Number of protein chains: 4
Amino acid sequence: MKLSEKKILKKKEQILLSAITIVNRRGYDGATMEEIAAEMLMTKGSLYYYFKNKGDLMYQCHKLVLAQATQELEEELQGEGTAEEILRKMVATHINYAVEEKETFNMIIEPKQMFNPEQIEPVLKLRKHYASLFDQVIEKGVSTGEFHVEEPIIVRMIILGAMNWIQQWYRATGRLAKEELKQHFAEYIIKLLK
Amino acid sequence: MKLSEKKILKKKEQILLSAITIVNRRGYDGATMEEIAAEMLMTKGSLYYYFKNKGDLMYQCHKLVLAQATQELEEELQGEGTAEEILRKMVATHINYAVEEKETFNMIIEPKQMFNPEQIEPVLKLRKHYASLFDQVIEKGVSTGEFHVEEPIIVRMIILGAMNWIQQWYRATGRLAKEELKQHFAEYIIKLLK
Amino acid sequence: MKLSEKKILKKKEQILLSAITIVNRRGYDGATMEEIAAEMLMTKGSLYYYFKNKGDLMYQCHKLVLAQATQELEEELQGEGTAEEILRKMVATHINYAVEEKETFNMIIEPKQMFNPEQIEPVLKLRKHYASLFDQVIEKGVSTGEFHVEEPIIVRMIILGAMNWIQQWYRATGRLAKEELKQHFAEYIIKLLK
Amino acid sequence: MKLSEKKILKKKEQILLSAITIVNRRGYDGATMEEIAAEMLMTKGSLYYYFKNKGDLMYQCHKLVLAQATQELEEELQGEGTAEEILRKMVATHINYAVEEKETFNMIIEPKQMFNPEQIEPVLKLRKHYASLFDQVIEKGVSTGEFHVEEPIIVRMIILGAMNWIQQWYRATGRLAKEELKQHFAEYIIKLLK
DNA sequence: AATGAATGAGGGTTCATTCAT
DNA sequence: TATGAATGAACCCTCATTCAT
């Protein structure tokens, strides 16, 4: 890859990070190209040098965030340990995202009328893949006899939903410490699986 | 209350129902005053006779749906039966709303992005009250010895999160029938509580 | 037709006339919704109350002008007189448009990338119809023995082209008087046909 | 002239040829600097090394095509043959340009809308000169007794108008072959002059 | 109580143009 | 010479909102 290509990729990523900030603050619809550009100290028009249109930019935001989280989970999934141990790590990671990068991670929620028809498929694929990582750890636990699950898909959805919901109510200043939270969640999730 | 006032209230409710239909179809941002009016066979301008502005209309949509759901839950809560039986009914009701009303029931939506500052507080209050109904049934189960819960708040959040998440992936045409879904969810939720 | 519908039609036509003025001054691309609106002492957005989009407005401009000219020719065509007499009138009318309403009539030229696929067909139809009026008078002359034409289509195109070209060079202040012009053109056109 | 200057001139001409291709495909407004540059495997910015701005480039396109056509006509005009023979050749040449080069040769276009004030005069001069070549062949025919024309200017305008109009309706795929077209046009034009 | 009509702010997008490198 | 990157003006279009009738 040529230097110039690398440079452009870097800039694209910077823009994406800015965009993610704005999108999480305003929502997909509320985010304007103007504000995203301003965050980068650029003008609206310049964004179109890097992205075809708003839809494309939004899509890539979603993709980036999802890809980051996905990668972390994949590493944990391939690590050592019992299914329970791995799952605990994954839960911690997911909650970490939800709580620490709150806004960013919020993007896992709701694409819908934001994406072009040709983008929707990849988005759904990514999401499916992300979810499947939890399927895998569940499956692993079942095969080792650690877990007993009759409806693995349902259980996975319960787990994901419960965790994603955290962003709605968790406040860093609240009564519950983050670590405590992870513990409790992991505990109940394990309970669900045993 | 005068007759004319009653008539206005009735009309307001009709508009709300139309608006709910549109919002559920297009989302809060996607819903236009034009389309909502068209659904009522009115013109845009007329809506402003009944509602201060779009924000107000959207807010009342959310409120109405939430109030309806709340009422249903309250009736179930005051009905006969064991805590488990009641909870099963409540789960079914909640899932029904989440799946059927989708957008207007959407409790995952950040209220800050959708509603005016003066509306946010009432919304949060309603949501809090709604959530408390689940606290009550859990508490009842604990007091009767049906449930054993060490962290009732955490468990309630898991339950609500799991159920709210359903709208993200449930499709009426999908593999899972709604009734089946309710069954499974109830099962796992009970498991969490025992 | 209700009064309100009549009123809206009238307004539409007024807008069209303004738009025609602007379009003839700036060309299809050069004409902006802003300037058209300003000509009407309206704001941009109001135009969209009457027309779906710019393409629609442009299309209707073209249609209106063409329809006006068409009607005049049709009346002449159905009048009394020999083919030659009728043709002379038609030539005079066409040249009148070209010279007097210069800019407006200029619209007969060039649609191309201005119209939506669904509009192109009607446009072509209208143009074809307009041209066919000249075909008819030629045919009439041939059938009465006044004219002798082996390639009526070619001749018609020569006639139309020659007349449309007038707008490019005719200036009211120029050496040639308009009436003289019509005479000469008619003379040569008749010569072509005999 | 230095070598480097020659090189620049060559490049300029190459760019013009590319630009002509694009303009003929998209029209003056539709042609973008981006697409013209792409056709040359260059980037937008580079064009500005060779041309002051888009207007300049468009102007030179028109000029180049007009100059080429002019030269061809001049050669034909100075060649052997009767006035009729020469005129037939000139008609064929003109029609060729009108059909093949379409937009850039388009003499129907209002120069005012396309070109800068300082470019308009040269354009009009070129066009006038181009037209005069037809005057010359008519004059020649009159002086040799081949033609009998009472209003040579009018006739020349009819001829030019008829031919320029061709681009408005001629389609390569249409019913009429180009060669046939030339024949017919020449025939009728001669008829006009005899 | 309702409407028709207009408004105006703002958003997405395009593109000629510039300029440091 | 050429390019990459950025700019900014202009344009089309949408839509919540207003207000006289």
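- For chain A, the name recorded in an unreviewed UniProt entry is TetR/AcrR family transcriptional regulator, with Solibacillus palustris as its organism.

## Here's the deal with the protein's contact with DNA strand E
- Around DNA strand E, a shell composed of 33 residues is seen, among which Ser46 and Tyr50 of chain B, Lys11 and Tyr50 of chain C together with Lys54 of chain D lie nearest.
- In DNA strand E, the atoms that sit within 4 Å of the protein are 69% sugar and phosphate, with bases accounting for the remainder.
- Lys44 of chain A has a polar side-chain atom sitting 3.3 Å from a base nitrogen of DNA strand E.
- A distance of 3.1 Å separates a phosphate oxygen of DNA strand E from a polar backbone atom of Thr43 of chain C.
- Mapped by element, the contributors of at least two residues to the surface near DNA strand E are helix H3 (44-50) of chain A, helix H1 (3-30) and helix H3 (44-50) of chain B, helix H1 (3-30) and helix H3 (44-50) of chain C together with helix H3 (44-50) of chain D.
- For the surface near DNA strand E, the leading source of residues is H3 of chain C, giving five residues.
- A per-class count over the surface near DNA strand E returns 14 nonpolar, 12 polar and seven charged.

## Overview of the protein's contact with DNA strand F
- Neighbouring DNA strand F are 30 residues; Lys11 and Tyr50 of chain A, Lys54 of chain C together with Ser46 and Tyr50 of chain D lie closest to it.
- The side chain of Ser46 of chain A places a nitrogen or oxygen atom 2.8 Å from a phosphate oxygen of DNA strand F.
- One of the side-chain nitrogen or oxygen atoms of Tyr49 of chain D is found 3.5 Å away from a sugar or linking oxygen of DNA strand F.
- Elements with a minimum of two residues in the surface near DNA strand F: helix H1 (3-30) and H3 of chain A, H3 of chain B, H3 of chain C together with H3 of chain D.
- A breakdown of the residues in the surface near DNA strand F according to their chemical character gives 13 nonpolar, 11 polar and six charged.

## Section: the UniProt feature "DNA-binding region" (unreviewed entry) in chain A
- In this structure's numbering, the residues bearing the UniProt feature "DNA-binding region" (unreviewed entry) are residues 32-51 of chain A.
- Across residues 32-51 of chain A one finds 70% helix and 0% strand; the C-alpha atoms that close the span lie 14 Å apart.

## What to know about the packing of aromatic side chains
- Summed over the entire model, instances satisfying the criterion amount to 20 aromatic pairs over all chains.
- Consider the rings of Tyr130 of chain A and Phe134 of chain A, whose centres lie 6.1 Å apart with planes at 55°: the pair is tilted. Here Phe134 of chain A and Tyr130 of chain A lie together in helix H7 (residues 117-144), a separation of four residues that amounts to about one turn. Taken individually, Tyr130 of chain A and Phe134 of chain A each receive the classification buried, so the pair is uniform in this respect.
- Note on Tyr97 of chain B and Phe105 of chain B: the rings are 5.4 Å apart at their centroids and 35° apart in plane angle, and the pair reads as tilted. Summarising the burial analysis for this pair, Tyr97 of chain B and Phe105 of chain B share the class buried.
- Every member of this aromatic cluster is reached through a ring pair, and the members are Tyr97, Phe105, Tyr130 and Phe134 of chain B.
- Here the basic side chain of Lys12 of chain A rests over the ring of Phe51 of chain A, its NZ or CZ set 5.9 Å away from the ring centre.

## Looking at the nonpolar core
- Counting 111 residues, the largest nonpolar core has Leu181 and Phe185 of chain A together with Leu57 and Phe185 of chain B as its most contacted members.
- Discounting residues that sit within four places of it in the chain, Leu181 of chain A has contacts with Ile95, Val99, Ile166, Trp169, Tyr170 and Leu176 of chain A together with Ile154 of chain B.
- Residues Ala83, Ala131, Phe147 and Val155 of chain D belong to the second largest nonpolar core, which totals 110 residues.

## Let's talk about the relation of the copies chain A and chain B
- Superposing chain A onto chain B takes a rotation of 180° combined with a translation of 0.4 Å along the rotation axis, leaving an RMSD of 1.1 Å. In short, the pair behaves as if placed about a two-fold rotation axis.

## What about the interface of chain C and chain D?
- At the interface, 38 residues of chain C touch 36 residues of chain D.
- A combined buried area of about 3100 Å² lies between chain C and chain D, and 62% of that area is made up of carbon and sulfur atoms.
- Viewed at the interface, chain D and chain C are joined by zero salt bridges.
- Across the chain C-chain D interface, the total number found is six residue pairs in polar contact (both at pLDDT 80 or more).
- Those elements that place two or more of their residues in the side of chain C that touches chain D are H1, helix H8 (152-169) and helix H9 (178-193) of chain C.
- Broken down by element, the residue count for the side of chain C that touches chain D peaks at 12 residues, all from H8 of chain C.

Procedures and definitions
- Residues numbered from 1 in each chain as written.
- Chains lettered and ligands numbered in written order.
- Predicted model: local features only at pLDDT ≥ 70, side-chain atom pairs only at ≥ 80, totals over all residues.
- Heavy atoms only, no water.
- Near = heavy atom within 4 Å.
- Polar contact = N/O pair within 3.5 Å; in protein donor to acceptor, adjacent residues only side chain to side chain.
- Helix = DSSP H or I, 4+ residues; strand = E, 2+ residues; numbered from the N terminus.
- Nonpolar A, V, L, I, M, F, W, Y, C, P; charged D, E, K, R; others polar.
- UniProt positions renumbered as here; feature names shortened; annotations may be inferred.
- Phe/Tyr/Trp six-rings, centres within 6.5 Å; stacked < 30°, edge-to-face > 60°.
- Buried < 20%, exposed > 50% of the residue type's maximum accessible area, 1.4 Å probe, protein only.
- Lys NZ or Arg CZ within 6 Å of the ring centre and 35° of its normal.
- Core = buried A, V, L, I, M, F, W, Y, C linked by side-chain atoms within 4.5 Å.
- Contact = heavy atoms within 4.5 Å.
- Least-squares fit on C-alpha atoms with pLDDT ≥ 70 in both.
- Buried area = accessible area lost by both parts, 1.4 Å probe.
- Salt bridge = Lys/Arg side-chain N within 4 Å of Asp/Glu carboxyl O.

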